[in-house]
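Chain residues, written in single-letter form:
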Amino acid sequence: MSAVAYVHEQLTGKKEFPRFKAGDNVTVNYKIIEGSKERIQSFKGDVIKKQGTGATASFTVRKISDGIGVERVFPFYSPNVESVVLNKTGHVRRAKLFYQRKRSGKSARIREKRMAVATAAK
């Protein structure tokens, strides 16, 4: 490993996010800076796509707000992204869910993936 890569790795803070993919429902908490004030705002919606690798990787989250679709792109390694919380795991068959843009109401729902639950033995 070169010295430049080592210093770059030490200076850039790697954040640990849960493993998520397109179709999952997530809440992204990010910093909003208004003048001299700073606050945390959350954006809850479905992941439409993940793209890029390394420092340029990003993901797009879509939500419906007052009947209007709102999409927002979040870089993975942005200092403004505070945390990502995985709410539901979706069951989809595509990596990019652009067809969701045309849908509204019940047809825009994404099925939840059923997970096996381990039971405690006596």
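Each chain has its residues counted from 1, following the order in which its sequence is written. Reporting in this predicted model follows two pLDDT cut-offs: at least 70 for local features of residues, and 80 or more for side-chain atom pairs to be given and counted; totals over whole chains, interfaces and linings ignore these cut-offs and use all residues. Only hydrogens and water are set aside when side-chain values are computed; all heavy atoms of the structure are taken into account.

A.B. asks: Mind laying out the overall build of the protein, listing which residues take part and the relevant values?
C.D. replies: We count a stretch as a helix when DSSP gives it H or I for four or more residues in a row; a strand needs E for two or more, and each element gets its number in order from the N terminus. Counting secondary structure elements, the protein contains one helix and five strands. Taken from N to C terminus, the helices and strands of the protein fall in the order α-β-β-β-β-β. The globule rule puts the C-alpha radius of gyration for 122 residues at 14 Å, and the 17 Å found for the protein is more than 25% above it. When its C-alpha atoms are laid out on the principal axes, the protein stretches across 50 × 50 × 30 Å. Think of it in three bands: with a 1.4 Å probe and only protein chains considered, a residue is buried below 20% of the maximum accessible area for its type, exposed above 50%, and partly exposed in between. The proportion of buried residues among the 122 residues of the protein is 29%. We call two residues in contact whenever any of their non-hydrogen atoms come within 4.5 Å of each other. For the protein, long-range pairs separated by at least 24 residues make up 49% of all intrachain contacts whose partners lie at least 6 apart in sequence. Per-residue and other accessible areas follow the Shrake-Rupley method at a 1.4 Å probe size, with only the shown protein chains counted as cover for residues. A total accessible area of about 9,200 Å² is found for the protein, and carbon and sulfur atoms account for 51% of it. Just to be clear, the radius of gyration here is over C-alpha atoms, and the globule rule we use is 2.2 Å times residues to the power 0.38.

A.B. asks: Describe the pattern of salt bridges, listing the residues and the values that go with them.
C.D. replies: Throughout this description, the term salt bridge denotes a Lys or Arg side-chain nitrogen within 4 Å of a carboxyl oxygen of Asp or Glu. Summed over all chains, the structure comprises four salt bridges. With a closest N to O distance of 3.8 Å, D24 and K21 form a salt bridge. On the accessibility criterion, K21 (34% relative accessible area) is partly exposed. Taking the shortest distance from any N to any O, the salt bridge between R39 and E34 comes out at 3.2 Å. A relative accessible area of 43% places E34 in the partly exposed class. Look at the salt bridges and you will find they share partners, linking R62, E71 and R101 into a network.

A.B. asks: How would you explain the sheet that holds strand β3 (residues 58–65) if you had to name every residue and give the values?
C.D. replies: Pairing between strands requires that DSSP locate at least two bridges from one strand to the other. Pairing within the open sheet is antiparallel, and its five strands lie in the order β4-β3-β2-β1-β5. With partners counted over all chains shown, the strands left at the sheet margins are β4 (68–75) and β5 (81–88), one partner each. Averaged over all pairs of adjacent strands, the angle between their axes in this sheet comes to 40°, without regard to strand direction. The pairing of strand β2 (residues 37–51) with β3 spans five bridges and is antiparallel. Bridge pairing in β3 links Q51 to S58. Axis definition: a line fit to C-alpha positions, over the contact stretch in the case of helices; interaxial angles, taken between N-to-C directions, run 0 to 180 degrees.

A.B. asks: Which residues make up the environment of N87, and what values go with them?
C.D. replies: Checked against the element boundaries, N87 lands in strand β5. By relative accessible area, which is 32% here, N87 ends up partly exposed. The contact partners of N87, leaving out residues within four places of it in the chain, are N25, V26, T27 and K44. Pairing of N or O atoms within 3.5 Å defines a polar contact, subject to two protein rules: one partner must be a possible hydrogen donor and the other a possible acceptor, and residues neighboring in sequence count only if both atoms are side-chain atoms. Engagement of the side chain of N87 in a polar contact is seen with the side chain of T27, the distance being 2.8 Å.

A.B. asks: Break down the nonpolar core for me, with residues and values.
C.D. replies: F20, V26, V28, F59, V61, F74 and V84 are the most contacted members of the largest nonpolar core, which totals 15 residues. Looking at this core, the elements that each hand over two or more residues are β1 (25–34), β2, β3 and β5. Per element, the largest residue contribution to this core is four residues, and it comes from β1. Discounting residues that sit within four places of it in the chain, V61 has contacts with V26, V28, F43, G45, D46, V47, V70, E71, R72 and F74. What we call a nonpolar core is a set of buried Ala, Val, Leu, Ile, Met, Phe, Trp, Tyr and Cys residues that are connected through their side-chain atoms within 4.5 Å.

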